[in-house]
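An overview of the molecular structure
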Amino acid sequence: IGTRAFGACANLTSMTIPGGVTSIQDWTFVSCTGLTNISLPASVTNIGSSAFFHCTSLTSMTIPDSVTTIGTNAFMFCLSLTNVLIADSVTSLGSGLFYQCSSLANVSIGNGLTAIEDSMFYECTNLIKLTIPSSVNSIRSSAFYRCTALANITIPDSVTSIGTDAFYRCTNLTNV
């Protein structure tokens, strides 16, 4: 599905992508502020940069096992997003992926990732607990910047570097 194909369709509330679609391009659903639900088929392998940018009503997302790459800022400003399941098949997530997803509380990350990218959970102020998979070897700069509700995080032995401001202003972080 091409760039900005459904951009700014504010009254679009639900979408089922048909099988056979392999890519959701950059900015495809940008500012679809009424979109609450979307179903992606098992044929999708790529979700482009800013694909769901500013979809303020989107509440949850399951990334199919076929997806390997999710671009930069793909879910930025998805203010109602509360639950995300990222499959083991995903090996690349862009920086700023969940930037200011202030309702995000539950995230399950599969074992395909090697890095928690820059600003991935920046100001996800409702994120309470997260387990980082053992495939991750790097937590990049500002990854959890100002995740003020984050109280518990499990960092596996595989992590060899933690970037600048990775947990800056995580004021409730009590258990690492």
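Residues numbered from 1 in each chain as written. Predicted model: local features only at pLDDT ≥ 70, side-chain atom pairs only at ≥ 80, totals over all residues. Heavy atoms only, no water.

Observations regarding unusual backbone geometry
The residue E123 is not glycine, and still its phi comes out positive at about 55°. Checked against the element boundaries, E123 lands in the loop between β10 (115-116) and β11 (129-131). Assessed through its relative accessible area of 15%, E123 is described here as buried. With a phi angle near 60°, D165 is a residue other than glycine that sits in the positive phi range. Inspection of the secondary structure puts D165 in the segment after β14 (161-162). Using a relative accessible area of 37% as the deciding quantity, one classes D165 as partly exposed. (Helix = DSSP H or I, 4+ residues; strand = E, 2+ residues; numbered from the N terminus. Buried < 20%, exposed > 50% of the residue type's maximum accessible area, 1.4 Å probe, protein only.)

As for the pairing of strand β7 (residues 83-86)
Judged by which residues are buried, β7 turns out to be one-sided: V84 and I86 face inward and are buried, whereas N83 and L85, on the alternate face, are not. Strand direction decides the pairing type here: β7 and strand β9 (residues 106-109), joined by 4 bridges, are parallel. Considered in β9, the bridge of L85 is made with S108. (Pairing = 2+ DSSP bridges.)

What about the environment of L58?
With respect to the helices and strands, L58 occurs in the loop between β4 (46-47) and β5 (60-62). Apart from residues lying up to four places away in sequence, L58 is in contact with L35, T36, N37, I38, F52, F75, S80 and L81. (Contact = heavy atoms within 4.5 Å.)

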